[in-house]
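# Structure assessment
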Amino acid sequence: MEKKQIYENLLVQLRGLVDGEHHRVSVMANATALLRELMGERFFWTGFYVVDGEQLVLGPFQGSTACYRIGRGRGVCGAAWQQAQTLVVPDVEAFPGHIACSSLSRSEIVVPLLDSTGTVRAVLDIDSRDADAFDSVDAHYLEQVARVIAAAIY
Ligand code: SME
């Protein structure tokens, strides 16, 4: 199936999954499971980091164990939070300050979740074992994914 079709299907399922549920941990947990289920090995690590004061703290995820806390502006996640924008990193080793939770991650995309005031409350972090795995199609759809989740929980 073409990537766009997989994402369209994902969005339909995600909207159904969050309908009527607003618990943050539960919605994030099921969202990571759905992403992993539909994207499979393409998404090596899929999870949330949640804003906690001046840091991001590890939230629900699918994949191997990861670091608990990331400072504002640190790594790809901290930079996406600080800049309040999606970051696509084709080669994590070329990103200054990248935090390597797994040496297997080669590229990643991080998408902020905004509340109704436009404040970043969490980020969705997806890593791939392949270099250059994410493009503008992924950014476009994962921003929609982030909006659906944020609307349910913030
Ligand atoms: N890659 C992230 C750290 C988190 S792990 O990938 C799960 C970063 O540099 O922000």
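Structure: above.
First, a word on what this report is: a plain description of the structure on this page. These figures come from a predicted structure and were not determined experimentally. (Residues numbered from 1 in each chain as written. Predicted model: local features only at pLDDT ≥ 70, side-chain atom pairs only at ≥ 80, totals over all residues. Heavy atoms only, no water.)

### Brief notes about the pairing of strand β1 (residues 45-52)
Put simply, the rule reads: Two strands qualify as a pair provided DSSP detects at least 2 bridges between them. Secondary structure is summarised from DSSP: a helix means a run of H or I of at least four residues, a strand means a run of E of at least two, and numbering begins at the N terminus for each.
Two strands pair when backbone bridges link them, and β1 and strand β6 (residues 120-128) are joined in this way by six bridges, in the antiparallel orientation. By the bridge assignment, glycine 47 is partnered in β6 with aspartate 125. Between β1 and strand β2 (residues 55-62), which pair antiparallel one after the other, the connecting turn spans two residues, and glycine 53 there sits at a positive phi close to 65°.

### A look at the packing of aromatic side chains
As a reminder, the rule being used: Only Phe, Tyr and Trp rings are paired, with Trp represented by its six-membered ring, and only when their centres lie within 6.5 Å; those with planes under 30 degrees apart are stacked, over 60 edge-to-face, the remainder tilted.
Per the counting criterion, the structure on display carries four aromatic pairs. Centre to centre, the rings of tryptophan 45 and phenylalanine 61 are 5.2 Å apart; their planes meet at 15°, and the pair counts as stacked. Of this pair, tryptophan 45 sits in strand β1 while phenylalanine 61 sits in strand β2, and the two are 16 residues apart along the sequence. Through pairs of rings, three or more aromatic residues link up here, namely Trp45, Tyr49 and Phe61.

### Re the state of the cysteines
Inclusion rule: In plain terms, two cysteine sulfur atoms within 2.5 Å form what is called a disulfide here. Residue exposure (1.4 Å probe, protein chains only): buried if accessible area is under 20% of the type maximum, exposed if over 50%, otherwise partly exposed.
Tallying each qualifying case throughout the model produces zero disulfides. Here cysteine 77 is not disulfide-linked; the sulfur of cysteine 67 is the nearest cysteine sulfur, at 7.7 Å. Judged by relative accessible area, cysteine 77 falls into the buried class, the value being 4%.

### Some points on the sheet that holds strand β5 (residues 107-114)
Just so we agree on the cut-off: Comment: axis = line fitted to C-alpha atoms, over the contacting stretch for helices; angle = value between 0 and 180 degrees taken between N-to-C directions. Here, residues are in contact when the closest pair of their heavy atoms is within 4.5 Å.
If you trace the six strands from one edge of the open sheet to the other, you get β3-β2-β1-β6-β5-β4, paired in antiparallel fashion. Across the chains shown, the open sheet's two edge strands, defined by having one partner strand only, are β3 (69-71) and β4 (87-89). Each neighbouring strand pair of the sheet contributes to a mean axis angle of 25°, computed without reference to strand direction. Sitting on the sheet, helix α2 (residues 24-39) is in contact with β1, β2 and β6, with an inclination near 55° to β2.

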